[in-house]
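These are the residues of each chain, in order.
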Amino acid sequence: MRWFTPSRLAAGGLFLLGAAAFVLWLLPASGTDIRLVDPAHPVDPIVDVPHDGRTPQPGPIYFVDVREREARLLERLVPFTRPSGSTLVPAPPISSTVEQQIGQQDMTESQKVAAVVALDHLGYKVHATTGGVTIVLVEKGAPAAKILRTSDVIVAAEGRKVNSVTDLRAVLAKHRPGEVVRITYLRDGKRSTAAIKTVADPQDPKHALVGISARDNLRVKLPLPITIDAGGVGGPSAGLAFALDILQELGRNVTHGHKVAATGEIALDGTVGPIGGVKQKTLGARKAGVDAFLVPAGENAQEARRYANGLRIIPVKNFPQALRALATLR
């Protein structure tokens, strides 16, 4: 009797290959995450706005998000095993629990700002004040970790007053990784200034970071009790979509009957800032079958066009521009 026939050897090889693939599928790819496509979600069901006697207008508005998890080793080694439209990215140097907490804080802030921008546009009296940006996390090993601490409030950078995270990003955008930026901050009421060396953004080596996560030190008093429940979705990128939907629900014809998706971090002055995961968000907007996708102007819009495949991409720099673009949308 022959034990090692060609057929048995082939069957054994296939079994071992399958077992190895199964093990590689289970093993995590340490230090690597994978971004996944999620279809765009309608905003209206999660936003509660008192109609104040006005009739909500037709035309749904959608927000987009990105699902992200730890990549499996096989996904890292074999590209065709990755889900369609996914992208491998470096894992953040923090625990998933801390990352989720920061994302939820960013989402809460974006909801406040969206309400302020929308109601102010309609002529309501809104009280909103900012006093710098509060640090919620300092990354271990980053140059900033030698100087800054959680709960410090950054009030200026390079001599320029910082009222929001957007202001701080604008200052950092003028620096290259490795350059030094002067940061003025408050700690226990005491004002200090320090020079901090910037580092490269792991997801975009051309962008300079100081190794912190921060949020606007924002205080808001609204004339209407607007509430937004995004469930477990985190991050600030739905701000533009929230602001547009609030206007729509308060009687302003924003979409003019079109099915519109929007993404972008919105600031108190209506500026629309860049966001991450543009590829997956564009594919998510396509899956929802929208007529147009509003995206922050610049690199975000350029990347969105690469994956649009016929979807109309509308680059916007601020909230009024977004409204004008939708008003002229055919």
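All figures in this text were calculated on a predicted structure; none of them were measured in a lab.

(A) The arrangement of unusual backbone geometry in detail. A positive phi angle, close to 55 degrees, is found at Glu-158, a residue other than glycine. Exposure remark for Glu-158: the relative accessible area of 37% places this residue in the partly exposed category. For His-256, which is not a glycine, the phi torsion comes out positive at approximately 55 degrees. On the secondary structure map, His-256 appears in the loop between α5 (239-249) and β16 (260-262).

(B) Summary view of the pairing of strand β7 (residues 127-138). Looking at chain direction, β7 and strand β14 (residues 212-221) are connected through 9 bridges and run antiparallel. Bridging from a neighbouring strand, Leu-137 pairs with Ser-213 of β14. Bridging between β7 and strand β8 (residues 153-157) involves 2 bridges; their strand directions are antiparallel. Note on β8: the bridge partner recorded for Thr-134 is Val-153.

(C) Quick look at the nonpolar core. One finds Val-47, Leu-240, Phe-242, Leu-244, Ile-246, Leu-294 and Phe-319 to be the most contacted residues of the largest nonpolar core, which totals 46 residues. Mapped onto this core, the elements with two or more residues apiece are β4 (61-63), α3 (96-121), α5, β16, β19 (292-296), β20 (312-316) and α8 (319-327). Per element, the largest residue contribution to this core is 8 residues, and it comes from α3. With sequence-adjacent residues up to four places away left out, Phe-319 is seen in contact with Val-117, His-121, Leu-240, Ala-243, Leu-244, Leu-247, Ile-266, Gly-270 and Val-272. By size, the runner-up hydrophobic cluster in this structure holds 20 residues, among which are Val-162, Val-165, Leu-168 and Ile-196.

(D) Summary view of helix α4 (residues 165-172). Along α4, the residues classified as buried are Val-165, Asp-167, Leu-168, Val-171 and Leu-172. Buried residues along α4 cover an arc of 160 degrees about the axis, so they all sit on one side. Buried-residue contacts for α4 involve β7, β8, β9 (160-161), β10 (180-187), β13 (204-209) and β14.

(E) Representation of the confidence of the model for the protein. Scored by pLDDT, the protein comes out at a mean of 85, with 87% of its residues at no less than 70. Averaged pLDDT values for the elements of the protein fall to 50 in helix α1 (residues 6-26) and rise to 98 in β19.

(F) Region of interest: the environment of Ala-238. For Ala-238, the position within the fold is in the loop between β15 (227-228) and α5. C-alpha of Ala-238 to C-alpha of Phe-63: the two residues are 175 residues apart in sequence and 5.8 Å apart in space. Apart from residues lying up to four places away in sequence, Ala-238 is in contact with Phe-63, Met-107 and Gly-264.

(G) Representation of the pattern of salt bridges. Applying the stated rule across the entire model yields 7 salt bridges. For the salt bridge of Glu-75 with Arg-69, the shortest nitrogen-to-oxygen distance reads 2.8 Å. Since its relative accessible area comes to 24%, Arg-69 is described here as partly exposed. Across the pair Lys-112 and Glu-109 runs a salt bridge, and its minimum N-O distance is 3.6 Å. Placement of the pair is Lys-112 and Glu-109 together in helix α3, with a separation of 3 residues, close to one helical turn. Given a relative accessible area of 31%, Lys-112 falls into the partly exposed group. One network of salt bridges, in which partners are shared, links Arg-69, Arg-72 and Glu-75.

Reading the values: the criteria
- All residue numbers refer to positions counted from 1 along the written sequence of the respective chain.
- Reporting in this predicted model follows two pLDDT cut-offs: at least 70 for local features of residues, and 80 or more for side-chain atom pairs to be given and counted; totals over whole chains, interfaces and linings ignore these cut-offs and use all residues.
- The basis for every side-chain value is the complete set of non-hydrogen atoms in the structure, without hydrogens or water.
- In this scheme, a residue with accessible area under 20% of its type's maximum is buried, one over 50% is exposed, and one in between is partly exposed, where area comes from a 1.4 Å probe on protein chains only.
- Elements are defined by DSSP. Helices are runs of H or I of four residues or more, strands are runs of E of two residues or more, and each kind is numbered from the N terminus.
- Only strands joined by at least two bridges in the DSSP assignment are considered to pair.
- Side-chain atoms within 4.5 Å are what join buried Ala, Val, Leu, Ile, Met, Phe, Trp, Tyr and Cys residues into a set we call a nonpolar core.
- Whether two residues are in contact is decided by their heavy atoms: any pair within 4.5 Å suffices.
- Our arc is simply the arc of the directions from the helix axis toward the C-beta atoms.
- pLDDT is a residue-level measure of predictor confidence that goes from 0 to 100.
- A pair is scored as a salt bridge if a Lys or Arg side-chain nitrogen falls within 4 Å of a carboxyl oxygen belonging to Asp or Glu.

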